[in-house]
Amino acid sequence: MVRVPHYSDCRPSAAHPRPVVLVHGTYENRYNNWARMSPELKAQGYCVYALDYGDTDDAGVALAPTVKGYGDIRKSSKELAAFVDKVLAASGSGQVDLVGHSQGGTLSRWYLKADGGANPADPSKNKVRKASSSARPTTAPP
């Protein structure tokens, strides 16, 4: 099993000054989506964090407890926002980098647009320095 570090386990280095937050896709979880990438990033010196989000019953489905990423994206974005704030506080970093897979990419964009990840009026206050995604749906909002 991949061990996702606790907030206090890692301090960003000069080579990798921002923690990396991994955001899983639809019907996934942090382990299923990131079991290979997380240890590789950690071995390269990155502080790596991943959350499980979107496992509320508002989707009207009864799924196995390990299945996540199916709740309302607006609620999931608030979960991501709270998680990023915890990572920032614990790491002492001013910003994180986000890596999203599938819905995780869309969720990352929503967080940047609507829930405090980016500050268009003052970009120096952005909580996210870089965001990247793979297999992100392009027809979904935002």
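Use the structure listed above.
So, a few notes on the structure that sits alongside this text. (Residues numbered from 1 in each chain as written. Predicted model: local features only at pLDDT ≥ 70, side-chain atom pairs only at ≥ 80, totals over all residues. Heavy atoms only, no water.)

1. Concerning the sheet that holds strand β1 (residues 20-23)
On the basis of which strands lie adjacent, the open sheet formed by four strands has the order β2-β1-β3-β4 and parallel pairing. The two strands at the open ends of the sheet, each matched to only one other strand, are β2 (48-51) and β4 (128-134). Strand-to-strand twist of the sheet, defined as the mean angle between neighbouring strand axes without regard to direction, takes the value 20 degrees. In this structure, β1 lies alongside β2, joined through four bridges in parallel fashion. Along β2, the bridge assignment pairs L22 with A50. Along the sheet, helix α3 (residues 73-91) makes contact with β1, β2 and β3 (96-101), crossing β2 at roughly 155 degrees. (Pairing = 2+ DSSP bridges. Helix = DSSP H or I, 4+ residues; strand = E, 2+ residues; numbered from the N terminus. Axes fitted to C-alpha atoms, helices over the stretch in contact; angles between N-to-C directions. Contact = heavy atoms within 4.5 Å.)

2. Concerning the pairing of β3
With five of six residues buried, β3 is to be regarded as a mostly interior element. As paired elements, β1 and β3 share four bridges and run parallel to each other. Among the inter-strand pairings, V21 is bridged to a residue of β3, identified as L98. Note that the unit made of β3, helix α4 (residues 103-114) and β4 has a crossover that is right-handed. (Buried < 20%, exposed > 50% of the residue type's maximum accessible area, 1.4 Å probe, protein only. Right-handed = clockwise from strand over helix to strand, strands pointing away.)

3. Digging into the state of the cysteines
Under the counting rule described, the total for this entry stands at one disulfide. Each sulfur in the disulfide pair C10 and C47 lies 1.9 Å from the other. Measuring handedness by torsion sign, the sulfur bridge of C10 and C47 sits at about -80 degrees and is left-handed. Highlighted residues: C10 in the segment before β1 and C47 in the loop between α2 (37-43) and β2, separated in sequence by 37 residues. (Disulfide = S-S within 2.5 Å.)

4. Looking at the packing of α3 against α4
Relative orientation of the contacting elements α3 and α4 amounts to 75 degrees, with a least axis distance of 9 Å. In terms of orientation, α3 lies roughly perpendicular with respect to α4. Here I73, R74, S76, S77, L80, A81 and V84 of α3 lie close against α4, whose contacting residues are Q103, T106, L107, S108, W110 and Y111. (Parallel < 35°, antiparallel > 145°, perpendicular 65-115°, else oblique.)

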